[in-house]
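Structural features, examined
Chain by chain, the residues run as shown.
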Amino acid sequence: TYEGRQYTIGTYVGVSYAKAALDIARGQMARGTFVPPNVRLKQRRQAEAERLAQQLTVREWSATWLQRLKAADRSPSTLASYDSTLNAHVLDLLGDVRLADVTQDHVDGLCSGTTPAVRRNILRTLSAMFNAAVKAGMGGITESPVTAEVGRMPRRSVGDLPNWEGVRLLADAMPERLRASVWIAATLGLRLGEVLGLQRQDLDLGDPEKAVAHIRRQWLTKAKPPTYGPPKDDSRRTLAIPAVVVPMLVTHLERFAANADNAPVFPSTVDTLKP
């Protein structure tokens, strides 16, 4: 009995062993060093968990992190992007390195010699992954080794396009039902999912000089099954449509899109209710 509570301190092969254990426990009580067995067990388990956490590698944590994101219903396209970046640029070099041993030098090495877009994907993925580890108390780290600015990829404006002849050639090479998609993607700087997410109600084409497109959703091609979702980074916005593109869109809607407000601008040839 210790501080008013009874504890079992073990099972022994003989009475003499049991008495010896009891004498040791009473001596610890007298000295104020007695730790109840359930507390010792908890301490051992905690110490083992901390030891394992310290040994956690980038590969092990990345797999756990992606599973947690999936359980939290993160966008399938985001998960696919993270997974692709990890497999293409990170795990071969850092997969077996402990989280606690990763430094900014490692991160800089991964980004060295890559394009701005690839560098951003690497930084974006590692920053999210290490921040999640810090928040979850994994790997024994208290701060992320990713200190570089991730930043946003700048959107192209019409004036940034390489040349209109290239856009025209690309559009002409597409099936008729998709030619307008090239022009609206090029002139408005839309992502693929945003183009496929457009519905009739998103295009205001009454006045060619004031025509606009409302970007309200994207089509998640990598979702299972594919479905609509909010624009990436919740980038809902309204964009002016160049007057020269409006007649092309009007003709496209007449030929290829259903009349319902929620009809896809670029419908699927398999399922007319979806892109």
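My aim in this report is to walk through the structure given alongside it, one point at a time.

What counts as what
- Residues numbered from 1 in each chain as written.
- Predicted model: local features only at pLDDT ≥ 70, side-chain atom pairs only at ≥ 80, totals over all residues.
- Heavy atoms only, no water.
- Buried < 20%, exposed > 50% of the residue type's maximum accessible area, 1.4 Å probe, protein only.
- Helix = DSSP H or I, 4+ residues; strand = E, 2+ residues; numbered from the N terminus.
- Pairing = 2+ DSSP bridges.
- Axes fitted to C-alpha atoms, helices over the stretch in contact; angles between N-to-C directions.
- Parallel < 35°, antiparallel > 145°, perpendicular 65-115°, else oblique.
- Left-handed = near helix turned anticlockwise from the far one by under 90°.
- Contact = heavy atoms within 4.5 Å.
- Nonpolar A, V, L, I, M, F, W, Y, C, P; charged D, E, K, R; others polar.
- Phe/Tyr/Trp six-rings, centres within 6.5 Å; stacked < 30°, edge-to-face > 60°.
- Lys NZ or Arg CZ within 6 Å of the ring centre and 35° of its normal.
- Salt bridge = Lys/Arg side-chain N within 4 Å of Asp/Glu carboxyl O.

Here we look at the pairing of strand β2 (residues 212–215)
Of the two faces of β2, the one lined by V212 and H214 and the one lined by A213 and I215 are each fully buried. Taken together, the two bridges between strand β1 (residues 203–204) and β2 define a ladder with antiparallel strand orientation. Bridge assignment links L203 to a residue of β2, and that residue is A213.

Quick notes on the sheet that holds strand β5 (residues 237–240)
Pairing in this open sheet of three strands is antiparallel, and the strands run β1-β2-β5 from one edge to the other. Edge strands, defined here as strands with exactly one partner in the open sheet, are β1 and β5. Relative to β5, β2 runs antiparallel, the two sharing four bridges. Each residue of the ladder has a partner; that of H214, found in β5, is T238.

Section: the packing of helix α7 (residues 164–172) against helix α8 (residues 179–188)
Their axes nearest at 8 Å, the elements α7 and α8 cross at an angle of 150°. One way to sum up the angle between α7 and α8 is to call them roughly antiparallel. For the pair α7 and α8, the sense of crossing is right-handed. Each of W164, V167, R168, L170, A171 and D172 in α7 lies in contact with α8, whose residues at this interface are R179, V182, W183, A186 and T187. Per-class residue counts for the contact of α7 with α8 are seven nonpolar, one polar and three charged.

A word on the packing of aromatic side chains
Two numbers describe a pair of aromatic rings. These are the distance of the centres and the angle of the planes. Enumeration according to the criterion identifies five aromatic pairs in this entry. Feature note: the residues Y2, Y7 and F34 constitute an aromatic cluster, connected by ring pairs. Taking NZ or CZ as reference, R217 lies 5.9 Å from the ring centre of Y228, over its face.

Regarding the environment of T269
Along the polypeptide, T269 turns up in the segment after α10 (246–256). Residue classification places T269 among the exposed residues on the basis of a relative accessible area of 60%. In this structure the C-alpha to C-alpha distance between T269 and F256, which are 13 residues apart in sequence, comes to 10.0 Å.

Observations concerning the pattern of salt bridges
Per the counting criterion, the structure on display carries nine salt bridges. A salt bridge links D96 to R59; the nearest nitrogen and oxygen atoms lie 3.6 Å apart. Taken as a pair, D96 in the loop between α4 (76–94) and α5 (104–111) and R59 in helix α3 (residues 58–71) lie far apart in primary sequence, 37 residues in all. According to the relative accessible area criterion, R59 is partly exposed, its value standing at 36%.

A closer look at unusual backbone geometry
Non-glycine residue E3 carries a positive phi angle of around 50°. Locating E3 in the fold gives a position in the segment before α1 (15–31). Residue class for E3 comes out exposed when judged on its relative accessible area of 69%. We note that D73 has phi near 60°; this positive angle belongs to a residue other than glycine.

Coordinates in, geometry out; function isn't part of it.
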